[in-house]
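Now for the letters of each chain:
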Amino acid sequence: MLQHFMSCPGNTGLRFQRSRPLRENRVPLRILYEKYRESLTQDNIIKVVALLTEYQTGDVIVAVRDVYVQNPEIKIRILGEPMQNRKLVAEISLVNPLAVPLNKCVFVVEGTGLTDGQQIKKLEEPVEPQAVAKFRLDFVPSLSGLHKLMVDFESDKLTGVKGYRNVIIAPQPK
(Lines give C-alpha, C1' and ligand atoms only; values in the text may rest on other atoms or scores of the structure.)
Protein backbone atom coordinates (compact mmCIF):
# COMPACT_ATOMS: atom_id res chain seq x y z
CA MET A 1 0.00 0.00 0.00
CA LEU A 2 1.36 3.45 -0.80
CA GLN A 3 2.29 5.23 2.37
CA HIS A 4 2.48 8.88 3.28
CA PHE A 5 6.07 9.13 2.09
CA MET A 6 4.72 8.42 -1.36
CA SER A 7 6.72 5.42 -2.32
CA CYS A 8 5.46 1.89 -2.30
CA PRO A 9 7.53 -0.26 0.06
CA GLY A 10 4.73 -2.71 0.64
CA ASN A 11 2.03 -4.47 -1.30
CA THR A 12 -0.31 -2.61 -3.63
CA GLY A 13 -2.80 -5.44 -3.28
CA LEU A 14 -2.61 -6.48 -6.92
CA ARG A 15 -3.94 -9.97 -7.42
CA PHE A 16 -3.33 -12.04 -10.47
CA GLN A 17 -5.91 -14.67 -11.35
CA ARG A 18 -5.85 -17.30 -14.01
CA SER A 19 -8.60 -18.92 -16.00
CA ARG A 20 -7.29 -22.26 -14.69
CA PRO A 21 -7.24 -22.10 -10.90
CA LEU A 22 -3.82 -22.89 -9.49
CA ARG A 23 -2.92 -20.27 -6.88
CA GLU A 24 -3.06 -16.57 -6.25
CA ASN A 25 0.16 -14.61 -5.81
CA ARG A 26 0.65 -11.20 -4.25
CA VAL A 27 3.54 -9.30 -5.74
CA PRO A 28 5.16 -6.39 -3.87
CA LEU A 29 5.44 -3.35 -6.08
CA ARG A 30 7.50 -0.22 -5.36
CA ILE A 31 6.42 2.89 -7.20
CA LEU A 32 8.68 5.91 -6.84
CA TYR A 33 7.34 9.46 -6.87
CA GLU A 34 9.52 10.31 -9.86
CA LYS A 35 7.66 7.66 -11.88
CA TYR A 36 4.07 8.53 -10.92
CA ARG A 37 4.08 12.29 -10.26
CA GLU A 38 2.81 13.09 -13.77
CA SER A 39 0.03 10.48 -13.47
CA LEU A 40 -1.31 11.51 -10.06
CA THR A 41 -4.89 12.83 -10.15
CA GLN A 42 -6.27 15.67 -8.01
CA ASP A 43 -7.82 12.96 -5.83
CA ASN A 44 -4.35 11.47 -5.16
CA ILE A 45 -5.16 8.29 -7.06
CA ILE A 46 -2.88 6.29 -9.34
CA LYS A 47 -4.23 3.56 -11.59
CA VAL A 48 -1.79 0.66 -11.50
CA VAL A 49 -2.05 -1.89 -14.30
CA ALA A 50 0.04 -5.06 -14.33
CA LEU A 51 0.30 -7.39 -17.29
CA LEU A 52 1.79 -10.86 -16.90
CA THR A 53 2.49 -13.52 -19.45
CA GLU A 54 2.71 -17.09 -18.19
CA TYR A 55 5.96 -18.50 -19.48
CA GLN A 56 4.79 -22.08 -20.21
CA THR A 57 1.36 -21.47 -21.74
CA GLY A 58 1.66 -17.91 -23.04
CA ASP A 59 -1.56 -16.97 -21.16
CA VAL A 60 -1.90 -13.24 -20.54
CA ILE A 61 -3.08 -12.08 -17.13
CA VAL A 62 -4.10 -8.50 -16.30
CA ALA A 63 -4.62 -6.87 -12.90
CA VAL A 64 -5.88 -3.31 -12.37
CA ARG A 65 -5.95 -1.41 -9.09
CA ASP A 66 -6.62 2.18 -8.04
CA VAL A 67 -4.12 3.13 -5.35
CA TYR A 68 -4.72 6.10 -3.06
CA VAL A 69 -1.64 8.14 -2.17
CA GLN A 70 -1.96 9.37 1.39
CA ASN A 71 -0.90 12.96 2.03
CA PRO A 72 1.50 13.73 4.87
CA GLU A 73 0.09 14.69 8.25
CA ILE A 74 -0.09 18.32 9.31
CA LYS A 75 0.78 18.55 13.00
CA ILE A 76 -0.84 21.32 15.03
CA ARG A 77 0.28 22.06 18.59
CA ILE A 78 -1.46 24.67 20.72
CA LEU A 79 0.93 26.48 23.04
CA GLY A 80 -0.53 28.32 26.01
CA GLU A 81 -3.78 28.23 27.95
CA PRO A 82 -6.74 28.41 25.55
CA MET A 83 -8.84 31.26 26.92
CA GLN A 84 -11.18 33.74 25.28
CA ASN A 85 -9.54 37.08 24.38
CA ARG A 86 -6.08 35.81 25.40
CA LYS A 87 -3.26 35.31 22.91
CA LEU A 88 -2.57 31.72 21.85
CA VAL A 89 0.14 30.29 19.64
CA ALA A 90 -0.32 27.43 17.19
CA GLU A 91 2.81 25.60 16.06
CA ILE A 92 2.09 24.08 12.66
CA SER A 93 4.40 21.63 10.92
CA LEU A 94 4.58 19.19 8.04
CA VAL A 95 7.39 16.83 6.93
CA ASN A 96 8.23 16.75 3.22
CA PRO A 97 7.71 13.05 2.37
CA LEU A 98 9.09 13.32 -1.14
CA ALA A 99 12.60 12.81 -2.48
CA VAL A 100 12.48 16.26 -4.09
CA PRO A 101 12.23 19.75 -2.55
CA LEU A 102 8.85 21.46 -2.17
CA ASN A 103 8.66 24.99 -3.59
CA LYS A 104 6.04 27.74 -3.32
CA CYS A 105 4.81 26.36 0.02
CA VAL A 106 1.72 28.03 1.48
CA PHE A 107 -0.18 27.30 4.69
CA VAL A 108 -3.71 28.70 5.11
CA VAL A 109 -5.05 28.65 8.68
CA GLU A 110 -8.54 29.53 9.83
CA GLY A 111 -11.03 28.78 12.55
CA THR A 112 -14.36 30.40 13.39
CA GLY A 113 -14.08 32.13 16.75
CA LEU A 114 -10.32 31.51 16.75
CA THR A 115 -8.71 33.50 13.94
CA ASP A 116 -9.71 36.74 12.28
CA GLY A 117 -10.45 35.20 8.88
CA GLN A 118 -7.86 33.27 6.88
CA GLN A 119 -4.24 33.59 7.97
CA ILE A 120 -1.80 32.89 5.12
CA LYS A 121 1.83 31.92 5.64
CA LYS A 122 4.07 31.68 2.55
CA LEU A 123 7.40 30.00 3.18
CA GLU A 124 10.38 31.83 1.73
CA GLU A 125 12.66 28.82 1.27
CA PRO A 126 12.08 25.41 -0.36
CA VAL A 127 11.41 22.50 2.00
CA GLU A 128 14.07 19.87 1.35
CA PRO A 129 13.30 16.10 1.32
CA GLN A 130 12.47 14.80 4.82
CA ALA A 131 12.81 18.35 6.23
CA VAL A 132 10.13 19.93 8.41
CA ALA A 133 8.18 22.98 7.27
CA LYS A 134 7.26 24.74 10.52
CA PHE A 135 5.90 28.09 11.63
CA ARG A 136 4.07 29.68 14.55
CA LEU A 137 0.83 31.59 14.31
CA ASP A 138 -0.36 33.99 17.02
CA PHE A 139 -4.11 34.42 17.37
CA VAL A 140 -6.64 35.65 19.92
CA PRO A 141 -9.81 33.52 20.24
CA SER A 142 -12.91 35.70 20.33
CA LEU A 143 -15.41 33.00 21.34
CA SER A 144 -15.35 30.38 24.09
CA GLY A 145 -16.31 26.73 23.55
CA LEU A 146 -15.21 23.99 21.18
CA HIS A 147 -13.68 25.25 17.93
CA LYS A 148 -11.77 23.73 15.04
CA LEU A 149 -8.48 25.20 13.79
CA MET A 150 -8.16 24.13 10.14
CA VAL A 151 -4.95 24.14 8.11
CA ASP A 152 -4.51 23.70 4.35
CA PHE A 153 -1.11 23.22 2.73
CA GLU A 154 -0.22 23.65 -0.94
CA SER A 155 3.08 23.55 -2.82
CA ASP A 156 4.30 22.91 -6.33
CA LYS A 157 4.27 19.15 -5.72
CA LEU A 158 1.76 18.54 -2.89
CA THR A 159 -1.77 19.87 -3.07
CA GLY A 160 -4.89 19.45 -0.99
CA VAL A 161 -3.06 18.57 2.24
CA LYS A 162 -5.43 19.24 5.13
CA GLY A 163 -5.30 19.04 8.89
CA TYR A 164 -7.25 20.28 11.86
CA ARG A 165 -7.13 20.49 15.64
CA ASN A 166 -10.07 20.80 18.02
CA VAL A 167 -9.47 23.53 20.60
CA ILE A 168 -11.60 24.11 23.68
CA ILE A 169 -11.52 27.80 24.62
CA ALA A 170 -12.35 28.67 28.23
CA PRO A 171 -14.56 31.72 28.79
CA GLN A 172 -12.87 34.93 29.88
CA PRO A 173 -12.96 35.23 33.68
CA LYS A 174 -15.26 37.95 35.00
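Heads up: these notes are all about the structure in this document. Because the structure is predicted, anything quoted here is derived from the model rather than measured.

**Notes on the overall build of the chain**
- Looking only at helices and strands, the chain has 1 helix and 11 strands in total.
- In sequence order, the chain lays out its α and β elements as β-β-α-β-β-β-β-β-β-β-β-β.
- For the chain, the proportion of its 174 residues judged to be buried stands at 36%.
- Within the structure as shown, the chain displays about 11,000 Å² of accessible surface, and the carbon and sulfur contribution to it stands at 50%.

**As for the nonpolar core**
- Ile 74, Ile 92, Phe 107, Leu 149 and Phe 153 are the most contacted members of the largest nonpolar core, which has 33 residues in total.
- Those elements that place two or more of their residues in this core are α1 (33-36), β3 (45-53), β5 (74-79), β6 (88-95), β7 (106-110), β9 (132-139), β10 (145-154) and β11 (161-169).
- Counting contributing residues per domain, this core is built from domain 1 (2-68) and domain 2 (74-169), each supplying no fewer than three.
- Apart from residues no more than four positions distant in its own chain, Ile 74 is found in contact with Ile 92, Ser 93, Leu 94, Val 151, Phe 153, Val 161, Lys 162 and Gly 163.

**Overview of the sheet that holds β9**
- Here 3 strands make up an open sheet; going across it, the order is β5-β6-β9 and the pairing antiparallel. Unpaired on one side and paired on the other, β5 and β9 mark the two borders of the sheet. The sheet shows a mean angle of 20° between the axes of neighbouring strands, direction not considered.
- Direction of pairing for β5 relative to β6: antiparallel, over a ladder of 6 bridges. Across the sheet, residue Lys 75 finds its bridge partner in β6, namely Ser 93.

**So, the sheet that holds β10**
- On the basis of which strands lie adjacent, the open sheet formed by 4 strands has the order β8-β7-β10-β11 and antiparallel pairing. Lying at the two open borders of the sheet, with one neighbouring strand each, are β8 (119-122) and β11. For this sheet, the mean inter-axis angle between neighbouring strands, taken without regard to orientation, is 20°.

**Some details on the side chain of Glu 91**
- Mapped onto the elements of the fold, Glu 91 is located in strand β6.
- Engagement of the side chain of Glu 91 in a polar contact is seen with the side chain of Arg 136, the distance being 3.3 Å.
- Each residue touching Glu 91, except ones within four places of it in the same chain, is listed here: Lys 75, Ile 76, Arg 77, Leu 79, Lys 134, Phe 135 and Arg 136.

**Side note on the environment of Tyr 164**
- Its place among the elements puts Tyr 164 in strand β11.
- The spatial distance from the C-alpha of Tyr 164 to the C-alpha of Ile 74 is 7.8 Å, given a sequence separation of 90 residues.
- Beyond its immediate stretch of four places on either side in the chain, Tyr 164 contacts Ile 76, Lys 148, Leu 149 and Met 150.

**Topic: unusual backbone geometry**
- Positioned with a positive phi, Asn 85 is a non-glycine residue whose angle comes to about 60°.
- Mapped onto the secondary structure, Asn 85 falls in the loop between β5 and β6.
- When its relative accessible area of 42% is taken as the criterion, Asn 85 is described as partly exposed.
- In the Ramachandran plot, Gln 130 falls in the positive-phi region, its phi being about 65° despite a non-glycine side chain.

**Examining the packing of aromatic side chains**
- On inspection of all chains with the given rule, the structure shows 2 aromatic pairs.
- With 5.0 Å between their ring centres and 50° between their planes, Phe 107 and Phe 135 make a pair best called tilted. In this pair, Phe 107 is assigned in strand β7 and Phe 135 in strand β9, connecting sequence segments 28 residues apart.
- With 4.8 Å between their ring centres and 55° between their planes, Phe 107 and Phe 153 make a pair best called tilted. Of the two residues, Phe 107 is situated in strand β7 and Phe 153 in strand β10; the sequence distance between them amounts to 46 residues.

About the criteria used
Residues numbered from 1 in each chain as written. Predicted model: local features only at pLDDT ≥ 70, side-chain atom pairs only at ≥ 80, totals over all residues. Heavy atoms only, no water. Helix = DSSP H or I, 4+ residues; strand = E, 2+ residues; numbered from the N terminus. Buried < 20%, exposed > 50% of the residue type's maximum accessible area, 1.4 Å probe, protein only. Areas by Shrake-Rupley, 256 points an atom, 1.4 Å probe, with all protein chains shown as cover. Core = buried A, V, L, I, M, F, W, Y, C linked by side-chain atoms within 4.5 Å. Domains from an automatic or database assignment. Contact = heavy atoms within 4.5 Å. Pairing = 2+ DSSP bridges. Axes fitted to C-alpha atoms, helices over the stretch in contact; angles between N-to-C directions. Polar contact = N/O pair within 3.5 Å; in protein donor to acceptor, adjacent residues only side chain to side chain. Phe/Tyr/Trp six-rings, centres within 6.5 Å; stacked < 30°, edge-to-face > 60°.

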